[in-house]
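Observations on chain architecture
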Amino acid sequence: MKKVIALIGISMGMFCLNNVQAQDAGNFVGTALDLSRTTPGGSARMLGIGEAQTSLGGDISSASSNPAGLGFFNKSEFSFTPAFNYLNTTSEYLGSSTSDARLNFNFSNLGAVIKYGSGSGSFKGGSFGISINRIADFQNQITYEGNSFNQLDSNGEIIFDPNRPADIVEYAALNAFTSNGSDISFDNDFAELAFETFLISPFSIDGNNFVDRDYYAVEDDGSFPQDNNGNDIFIPAYTEPDFPTFQTENIRSTGAMYQTSFSYGANFDDRIYFGGGIGLITMTREVNREYIEIPTNAELSSLVLEDNYEQNGTGVNATFGVIGRPMPQVLLGASYTTPSIISIEQIRSVTLTANYLFATNFREQTESFGFDYEAFNFTITTPSKLRAGATYFLGKSGFITGDIERINYAGANLSNSESGVSFSQANSDINQLESVINYRLGAEFRYEMFRLRAGFARMDDPVKNDIDESENRITFGGGIRTEDYFVDMAVSTSNGRNSTVSPYPGQVATVENKNTAVSFTVGFFF
């Protein structure tokens, strides 16, 4: 296999997805949106009430969502929250439906609160909180498949549609050019990969110079058709209704974004609570794509495109909040999270392998060629978040709470100070994203040491397209709480954030995403 080093600037035009989820390494708008669509997360208690927590306190989750809630603590606490996520996707592609699924184990939250001082007069003291919180999840598993072919006209001639190439080789030929039938140039990296693996070549016939596929149709036994004189006939192996090309892709995405928060919340007269904190962000994402084509009756038995990329980043933000108690049974809260500035390094490799039925005097039976792209560094600034919430207590029987959250996704920004790559078009696309209002509602009911919870959350769609990328979550949970420890559980089911993914421009698979998460929190007071 041959591999060369390439610049990231060349690779950015290789693929083009029709949505803004970052399954493709060149989709920087999708990356910016994914890093902006964070959730409050937290303990199983907060997950069980739909993550509505802006006006609540006394939970480790406050360290990242609203530090004012740390002022409610009367003693110190340590807790941890492991979780299981069951990911399920259903893809529609060329009339075929395909499902895929995966189970993932992770930690949603880990942290401690240290009660500091009892204060004097109106000042009742405060608490320091340190927490590690999972605020975005990049886990996914997508598989789609179908048979693709060119249509025929009334005379039985193939209709080639440049806006919808029937296979990836046809797409490569459309993005390669020749002026003399021997030299060749490329519009993108994939066209060069196809040329290096002998899938396309330049031709000159009757003064016409063009690039076309360079593998040919065979009989069922793998031999070339022959004329009346027994000579082989070389007919380009175009895909058509009787000779379709089977296409399938598996996309596996792993990784998450975590925020480590260092926060403090203070209590004034049990009526006003103030807090603030610094959030240190770490993120990692790895995406592995394997796309396969299998033509019918062709000397090419299959081709395999492997596209792998990894992103690692660190960043920082700050959160400030306040909670007030205007009357004994009511809490009102608000928090503001500054834009997060995240520096990211991306590495990527792409390999195309063509498997033929037999070797020839100019190529092997298996040809492989790839690019290892130079590490690419860039910065994403995510939009700020403004949250407001209210809680009504039902005496000692529990409470009902709700949050609203405003995010202007057009406030995200991409920048790069090293390689000179321009993000002007990507930032122009980001400016087309919309401002949204997200809603979260929850309730907790108490009976002695037992707790029962339920919640609902809706995250609105910031993208102007025909795909519904909003997300709805239904949650429930329960737990027990004693003077020394507590144990909580939450179950969250979500659907939405539907997406599209393309093997190459012109073909699109639609993906329905579902997720069920089960979280457990164990905590100790000290």
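Residues numbered from 1 in each chain as written. Predicted model: local features only at pLDDT ≥ 70, side-chain atom pairs only at ≥ 80, totals over all residues. Heavy atoms only, no water.

Overview of the overall build of the protein chain
Threshold: Secondary structure counts use DSSP, requiring at least four H or I residues in a row for a helix and at least two E residues in a row for a strand, with both numbered from the N terminus. Here's how the labels work: a residue is buried when its accessible area is under 20% of the maximum for its type, exposed when over 50%, partly exposed in between, all with a 1.4 Å probe on protein chains only. Contact criterion: two residues are considered in contact whenever any of their non-hydrogen atoms come within 4.5 Å of each other. Accessible surface is estimated by sampling points in the Shrake-Rupley manner with a 1.4 Å probe; for residues, cover comes only from the protein chains shown. For the charge count, each Lys or Arg is scored as positive and each Asp or Glu as negative, with His and the chain ends excluded. The location of each charge is read from NZ of Lys, CZ of Arg, CG of Asp or CD of Glu.
Counting its secondary structure elements, the protein chain contains seven helices and 25 strands. Each principal axis of the C-alpha distribution contributes one length, and for the protein chain these read about 105 × 45 × 35 Å. Counting every position in the protein chain, which comprises 526 residues, the buried fraction comes to 53%. Taking all contacts inside the protein chain whose residues are at least 6 apart in sequence as the whole, residues at least 24 apart take part in 68%. Surface accessibility of the protein chain: about 21900 Å² in total, with carbon and sulfur atoms responsible for 55%. Positive and negative side-chain charges in the protein chain, numbering 32 and 61 respectively, have mean positions lying 20 Å apart.

Details of the side chain of R289
The cut-off we apply is this: Polar contacts here mean pairs of N or O atoms no more than 3.5 Å apart (in protein, one a potential hydrogen donor and the other a potential acceptor; neighbouring residues in sequence count only if both atoms are side-chain atoms).
With respect to the helices and strands, the residue R289 is situated in strand β13 (residues 272-294). Under the relative-accessibility criterion, R289 is labelled buried at 4%. Within the structure, R289 has its side chain in polar contact with the side chain of E249 (distance 2.7 Å). Within polar-contact distance, the side chain of R289 engages the backbone oxygen of S502 at 3.0 Å.

Considering the nonpolar core
Just so we agree on the cut-off: What we call a nonpolar core is a set of buried Ala, Val, Leu, Ile, Met, Phe, Trp, Tyr and Cys residues that are connected through their side-chain atoms within 4.5 Å.
The biggest cluster of nonpolar side chains holds 37 residues, and the ones touching the most others in it are F190 and L199. At five residues, helix α5 (residues 168-174) tops the list of elements feeding residues into this core. Aside from chain neighbours lying at most four places away, what touches L199 is V169, A194, D212, R213, D214, Y215, L300, L303, L352, A354 and Y356. Grouped together as the second largest cluster of nonpolar side chains are 27 residues, M257, I342, I344 and V436 included.

Overview of the environment of A490
Here A490 is to be found in strand β24 (residues 485-501). Taking the C-alpha atoms as reference points, A490 and V518, separated by 28 residues in sequence, lie 5.8 Å from one another. Leaving out residues up to four positions away in the same chain, A490 has contacts with A44, L47, G48, F476, G477, A517, V518 and S519.

Digging into helix α2 (residues 28-36)
Burial analysis of α2 places nine of its nine residues in the buried class, the great majority of the element. All buried positions along α2 are accounted for by F28, V29, G30, T31, A32, L33, D34, L35 and S36.

Focus on helix α6 (residues 189-196)
Every buried residue belonging to α6 is among D189, F190, A191, L193 and A194, and all of these are buried. The backbone nitrogen of F190 lies 3.2 Å from a side-chain oxygen of the residue at the head of α6, namely N188. Count one or two residues on from α6 and you reach F198, which has phi positive near 65°.

Considerations on the pattern of salt bridges
Counted only if it meets this: Put simply, a salt bridge is a Lys or Arg side-chain nitrogen that is within 4 Å of an Asp or Glu carboxyl oxygen.
Evaluation of the coordinates by the stated rule reveals 22 salt bridges. Between R497 and D34 there is a salt bridge whose closest N-O contact spans 3.9 Å. With R497 in strand β24 and D34 in helix α2, this residue pair connects regions lying 463 residues apart in the sequence. Classification of D34 by relative accessible area gives buried; the value is 9%. The salt bridge involving R440 is made with E405; its shortest N-O contact spans 3.3 Å. Of this pair, R440 sits in strand β21 (residues 435-447) while E405 sits in strand β19 (residues 398-408); the two residues are 35 residues apart in sequence, bridging distant segments of the chain. Accessibility assignment for this pair places R440 and E405 in one class, buried.

A short note on the side chain of S131
Along the chain, S131 turns up in strand β4 (residues 123-137). Since its relative accessible area comes to 1%, S131 is described here as buried. Leaving out residues up to four positions away in the same chain, S131 has contacts with I60, A63, S64, N109, L110, G111, Q259, T260 and S261.

Here we look at the pairing of β13
Using the following cut-off: Think of it this way: DSSP has to see at least two bridges between two strands before they count as a pair.
Bridge count for strand β12 (residues 245-268) against β13 is 23 bridges, and the pairing is antiparallel. Pairing of M257 across the sheet is with M283, part of β13. Here β12 folds back onto β13, and the loop between the two strands holds three residues, one of which, D269, carries a positive phi near 60°. As defined by bridge partners, β13 adjoins strand β14 (residues 300-327) across 22 bridges and the pair is classed as antiparallel. Residue L280 lies in a different strand from β14, and its bridge partner there is V316. Once β13 ends, the chain turns through five residues before running back antiparallel as β14, passing N297 with a positive phi of about 50°.

Considerations on the pairing of strand β15 (residues 330-337)
Relative to β15, β14 runs antiparallel, the two sharing seven bridges. Looking at the pairing, F320 lines up with Y336 of β15. Counting the residues that bridge the hairpin from β14 to β15 gives two residues. Inspection of the sheet shows β15 paired to strand β18 (residues 385-393) by eight bridges, in the antiparallel sense. When the sheet's bridge partners are listed, V330 is paired in β18 with Y392.

Here we look at the packing of aromatic side chains
For clarity, the cut-off: Each Phe, Tyr or Trp ring, with Trp reduced to its six-membered ring, pairs with another whose centre is within 6.5 Å; inter-plane angles below 30 degrees give stacked pairs, above 60 give edge-to-face pairs, and intermediate values give tilted ones. Charges are assigned to positions over rings by a cutoff of 6 Å between ring centre and Lys NZ or Arg CZ, combined with an angular limit of 35 degrees from the ring normal.
Going through the model one piece at a time under the given rule, you end up with 28 aromatic pairs. Through pairs of rings, three or more aromatic residues link up here, namely F28, F376, F378 and F423. We note R285 situated over the ring of F138; from NZ or CZ to the ring centre the distance is 4.3 Å.

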